[in-house]
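# Architecture and fold: a report
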Amino acid sequence: MLEIDKPLLTPNPIRDSVLNKWLDVLNCTEPVDREWATQYIDDLYHFHGLKQPKIILFSSPQAGRHYRDFAANMAGDSPALIKAKIAQREKRSPLLVGSPDWVEAKRVMEKEGVVTLGEDLSDNIVQKPIAKTQQLVSKKLEARFVGYKAQYLEDDFWHGEMTRVWWGPFMFRWGISELRSATWMDFIREAYGIHYESKFWVILEGLLKRVGFWWNFQNVCLAIERPILVKRDLLNRLHCTDGPAIQFCNGSIHYALNGVLVPSKVIMYPEQITTADIDAIRNAEVRRKLIEHYGLDRYLFHIGAVLIDRVAPSNSLNTQNQETKPLLGMQGGRLYRTKLNGERVFVVLKNSTPEPDGTIKEYILRVPPEMKSVRHAVSWTFGMQEGEYAPVKET
C-alpha cells in the first residue's frame, strides 16, 4: 500500500462505502436470524471462557426491560409468588395491562419463570475488549501518520455521521459506541491496511449485523428484535411529526421528536396539548422538546411570562454609542418570570450548534426564582457565581 503523509478522510470513497455499509446495518428492519444470533452470543461468552447463557429474545426494548427489572427482584420465587407480584404490579400501574411490551414480558415470566440474571458483564466482555483493541490500533495509526492523534482522526472521520441509533433512547447506556467502534475500525482496515487479528471483532461485527441489541448478564443474555419501522431525522435520531417514529413486531410503538421520546398525544393530537400538559412532564429533556413543538413564544405567552432581562443578540451600541460585546453563550439570551402555578423563572438561550438545515434554535431552561439577570442564570447553570462566568470560547 502507498505510504502517505496525511490521512485523507473527507472526501474519501472508502469512508463513504464503509459508512453506507454500517448505516445499512443501522437501518435494517428484517427479523433477527435466531440461529445466527444464538451462535454469535454463544461465541462471545465462549471467547471469554464463560458458560453459555440462557438466551431470551424479546420483540422490543421495553419488553426486555420489564423482564430485566422483574428478574432482578424475583429470582428464585415460586410460580405462585411470581404471579402474585405481577398482579400487584398491574394493580399499581393499570396502564401496563394493555401494553404490548408488558404483555410479552409477562408471558415469558409466566411460561419460563424468572432466571437469576447474575452479574452485568457488558463492560468486561464488550466495552473493555473494544477499548483495548482500539488503543493498539491507535498506536499503529499514529505511527503511520506522524503528528496526527488517532482521536482527532476519528473525530474528522465522523463529521456528525451516525451520531444516534434507534435503540439509544431506550437504553441510556448501551448504544452508539459499539456501532461507531466497529465502523471506525472497519475503515482503518479498509483504507490503511491496519489489521487487528481478533476473533472478538468477528463476533462483535456478527452481533451488530444480526441482532437489534443485547444485554449481557452472567447467566442470561437478553436479545432484542429489530424494529419493523424506523423513521429518523438527518442526524439519525428517532423523529416523525405525523406518526410513530419506531414500531416493533409485538405492536409496541413510540413517538419521538429529534431523538426524544414523547407522549403519543404530542404527535397525534397536537392541538390538544396545553401548557398544563407540558408542565406536568417531569423529564426536563422531554419537557423542553414539548415546548419546542408547542412553540416557545406561544408557551411563554400562555403561562403569562414577563421579560425581566435580555442580552443583545450580537455586538450592538449602548446609549453612549459605544460598541458592546455580550459574553459568549448569552447572545440574545432572555430571562422571564411567571407566577402561574407558583413563581418560576426561565432563561432562553440560543443553541451554539446549528441544526442540519443551518438554523439556530432557542432552548429554555428553568432556573431558581432568585435569578435577576441572564448572566446570573447562565452562571448558575455552570455552578458559578455571576461574576465568575466569562468564557473565552463557545463549543
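Just so it is clear, the structure is predicted and the values come from calculations on it, not from any experiment. (Residues numbered from 1 in each chain as written. Predicted model: local features only at pLDDT ≥ 70, side-chain atom pairs only at ≥ 80, totals over all residues. Heavy atoms only, no water.)

Let us now look at the overall build of the protein chain. Check the secondary structure of the protein chain and you find 15 helices and 13 strands. Evaluated residue by residue, the protein chain yields a buried proportion of 44% over its 395 residues. A separation of at least 24 residues holds for 62% of the contacts in the protein chain among residues at least 6 apart in sequence. (Helix = DSSP H or I, 4+ residues; strand = E, 2+ residues; numbered from the N terminus. Buried < 20%, exposed > 50% of the residue type's maximum accessible area, 1.4 Å probe, protein only. Contact = heavy atoms within 4.5 Å.)

A few words on the environment of Val103. By the secondary structure assignment, Val103 is in helix H5 (residues 100-112). Between the C-alpha atoms of Val103 and Ala63, which are 40 residues apart in sequence, the distance is 8.0 Å.

A word on the packing of aromatic side chains. Scanning the model with the defined rule gives ten aromatic pairs in all. Here Phe58 and Tyr67 contribute two aromatic rings whose centre-to-centre distance is 5.4 Å and whose plane-to-plane angle is 45°, an arrangement assigned as tilted. The pair Phe58 / Tyr67 is uniform in exposure class, with both members buried. An aromatic cluster is defined as three or more aromatic residues linked by ring pairs; in this entry it consists of Phe145, Trp184, Phe187 and Tyr192. Just above the ring of Trp36 sits the side chain of Arg210; from NZ or CZ to the centre is 4.7 Å. (Phe/Tyr/Trp six-rings, centres within 6.5 Å; stacked < 30°, edge-to-face > 60°. Lys NZ or Arg CZ within 6 Å of the ring centre and 35° of its normal.)

What follows is about the sheet that holds strand E3 (residues 220-224). Backbone-to-backbone hydrogen bonds join strands into a sheet, with any given pair of strands oriented parallel or antiparallel. Spatially, three strands are ordered E1-E3-E2 in an open sheet, and the strand pairing comes out mixed. The outermost strands of the open sheet, each flanked by one partner alone, are strand E1 (54-58) and strand E2 (213-216). Across this sheet, the average inter-strand angle for adjacent strands is 20°, counted without regard to direction. Relative to E3, E2 is paired through four bridges, and the arrangement is antiparallel. What sits directly across from Trp214, in E3, is Ala223. (Pairing = 2+ DSSP bridges. Axes fitted to C-alpha atoms, helices over the stretch in contact; angles between N-to-C directions.)

Between the first and last C-alpha of helix H3 (residues 61-74) there are 20 Å, a value that for 14 residues agrees with the 20 Å anticipated at 1.5 Å per step. Pro61, Ala63, Gly64, Arg65, His66, Tyr67, Phe70, Ala71 and Met74 are the residues of H3 that are buried. Count one or two residues on from H3 and you reach Gly76, which has phi positive near 90°. (Expected span 1.5 Å × (residues − 1).)

This next bit is on the pairing of E2. Side chains Phe213 and Trp215 of E2 all project onto a buried face; the interleaved residues Trp214 and Asn216 project onto the opposite face, where all are buried too. Hairpin connection between E2 and E3: a loop of three residues separates the two successive antiparallel strands.

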